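Letter by letter, the chains look like this.
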Amino acid sequence: MNILADFADDALRLFEDATQRAGSVFEPSLRIGVAGLNRSGKTVFITSLIANLLARGRMTRLTAEGQGRIEAAMLRPQPDPEIPRFEYEDHIAALTGPNPAWPQSTRRISELRLSIRYQRTGLLSGLTESIAGPGTLHLDIVDYPGEWLMDLPLLNKSWEDWSRESIAACRLPERAALAAPFLAWAERAEGKPADPVLAKEGWTLFAAYLGAARKAGLSAISPGRFLMPGDLEGSPALTFAPLLTPQGDKDSLARLMRDRYDSYRKVVVRPFFRDHFSKIDRQIVLVDMLSAMNAGPRAVADLRKAMTDILDCFRHGEKSWLGPIFGRRIDRLLFAATKADHIHHSQHDALQSITEALVRESLEKAAYKGARVEAMALASLRATVEQRIQQKGKTLDCVRGRNIDSGEEVVVYPGTLPPDPATIVEAARRGVGEEGWLAEDYDFMRFAPPMSGITPGFGPPHLRLDLAAEFLFGDRLV
Ligand SMILES: Nc1nc2c(ncn2[C@@H]2O[C@H](COP(=O)(O)OP(=O)(O)OP(=O)(O)O)[C@@H](O)[C@H]2O)c(=O)[nH]1
Ligand SMILES: [Mg+2]
């Protein structure tokens, strides 16, 4: 692979981006990266954030809004015409219509621009305002299938390393049964010559195993496009699988697989991250901590591994060959545990600490020098209300919402999260035991979006979406 040519290409794109941006000093744009594994809540987050910025009744902790300085927010044409537009109108109509429904899994990339007009503050406000009028900030937000994020670590991994790690993962206790048919194929494929039919068989079994692992609540699943191919459905670049012995001579299956793995990285993975990650100014990483905790220590360990692999790539910073991919320096990074409306607010601090603890180790190694990093628990779309009930002389902090399957209102006691995040992280590190951390009631909890519809002037109900917005771009509305 010609890394130097790639580098020159990446550098040119960065230069073009920078030139484009310099053209609009008075109307700066800010690209918000919304990252997260599949089902972590990206599409709901983007939809609710946009709706709550268009109608800001619930955004009082976004300082500019609290101070009454936001004059208007509107959807504008996006800067990248080659990317499909984020289907905001469809998503918000589905979430807040008469039969509210969550969005389908995202299958392709899309983008939206929201522009905010605000009154300036500060010493220079009068001067700037007389030259340029009120401030305008363009927010550019991109949505994509969560599976694709798991491809980021591949950029840093040779075929041999990826193959070895993937086979080792297949043999882990929580995966071995799911991977058995694929491993049987891998035994058969040992030392075989290059054969596209055999390669496709291996790919089919490997993709089926990844699908089963995802269904079992595991997170460390790659290559991401095996499950969410987008436009690449059926392409030979996707048709590869790890091998027990990844080395082989010119005409071997191992060499065919290696070539396909390398072209997958070069033609699919690298351009995606270069085009979309290199321009990011602020990043929010959404984590569905509660689902992993509900599934048990092994699922938390798996989530931790997936997050570590991803964050390790971020930390390569400007000096490595991954530098051009992360082009501009991300100066704010927010980790958000999503779906916090599943638990009572008395548990939110614990959820935040557990999320912090899960990613702390990677962050300590990280090169986020000068970046502000925070964690919080939020709900992009609040589907429950809180309720206290008395049971056997005890007061229980519950949540009430509409069960998605039965449509009935249910009151659920989700239990108490361990106050010390070390308990979770330690168990996750060891990856042993299957004891749950949440009460049994939690298992029933898939709530439908609320029936409340939309009140004029207000976006959908949420928890701390305004604080997330303040962290991500509040400082640019001054
Ligand atoms: N109660 C509640 N559930 C949520 C919230 N956000 C997301 N969910 C649930 O999580 C599911 C996944 O949310 P999405 O926004 O589609 O997740 P995504 O990250 O876009 O997933 P992919 O498109 O598969 O990558 C939804 O179908 C809801 O069931 C929230 O704020 N509250
Ligand atoms: Mg989505």
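Structure: see above.
Since this is a predicted model, take the numbers as computed values, not measurements.

Caption draft 1: The pattern of salt bridges, seen in detail. One pass over the structure, following the stated rule, counts 30 salt bridges. Here R388 makes a salt bridge to D397, at a shortest N to O gap of 2.6 Å. Classification of R388 as exposed rests on a relative accessible area of 57%. Taking relative accessible area as the criterion, D397 reaches 18% and is therefore assigned buried. Beyond isolated ion pairs, a larger network of salt bridges with shared partners links R282, D331, R332, D475 and R476.

Caption draft 2: Up close: the packing of aromatic side chains. With the rule as written, the count across this model stands at 19 aromatic pairs. Here the aromatic rings of W162 and F206 are separated by 6.0 Å at their centres, their planes lie at 80°, and the arrangement is edge-to-face. Of this pair, W162 sits in helix α6 (residues 159–170) while F206 sits in helix α8 (residues 196–215); the two residues are 44 residues apart in sequence, bridging distant segments of the chain. Aromatic ring contacts, followed pair by pair, group W159, W162, F182, W185, W203, F206, Y209, F226, F240, Y261 and Y264 into a single cluster. Here the basic side chain of R225 rests over the ring of W148, its NZ or CZ set 3.9 Å away from the ring centre. Positioned above the aromatic ring of F272 is the side chain of R225, whose terminal nitrogen or guanidinium carbon lies 5.3 Å from the ring centre.

Caption draft 3: Region of the structure containing the site of ligand 1. Near ligand 1 you find 22 residues, and of these K42, T43, V44, T106 and G146 are the closest. Within the backbone of G41, an N or O atom sits 2.9 Å from an oxygen atom of ligand 1. One of the side-chain nitrogen or oxygen atoms of K42 is found 2.8 Å away from an oxygen atom of ligand 1. When isolated, ligand 1 has an accessible area of 640 Å², and the protein chains bury 97% of it. When grouped by side-chain class, the residues that make up the shell around ligand 1 number eight nonpolar, nine polar and five charged.

What counts as what
- Residues numbered from 1 in each chain as written.
- Chains lettered and ligands numbered in written order.
- Predicted model: local features only at pLDDT ≥ 70, side-chain atom pairs only at ≥ 80, totals over all residues.
- Heavy atoms only, no water.
- Salt bridge = Lys/Arg side-chain N within 4 Å of Asp/Glu carboxyl O.
- Buried < 20%, exposed > 50% of the residue type's maximum accessible area, 1.4 Å probe, protein only.
- Phe/Tyr/Trp six-rings, centres within 6.5 Å; stacked < 30°, edge-to-face > 60°.
- Helix = DSSP H or I, 4+ residues; strand = E, 2+ residues; numbered from the N terminus.
- Lys NZ or Arg CZ within 6 Å of the ring centre and 35° of its normal.
- Near = heavy atom within 4 Å.
- Polar contact = N/O pair within 3.5 Å; in protein donor to acceptor, adjacent residues only side chain to side chain.
- Areas by Shrake-Rupley, 256 points an atom, 1.4 Å probe, with all protein chains shown as cover.
- Nonpolar A, V, L, I, M, F, W, Y, C, P; charged D, E, K, R; others polar.

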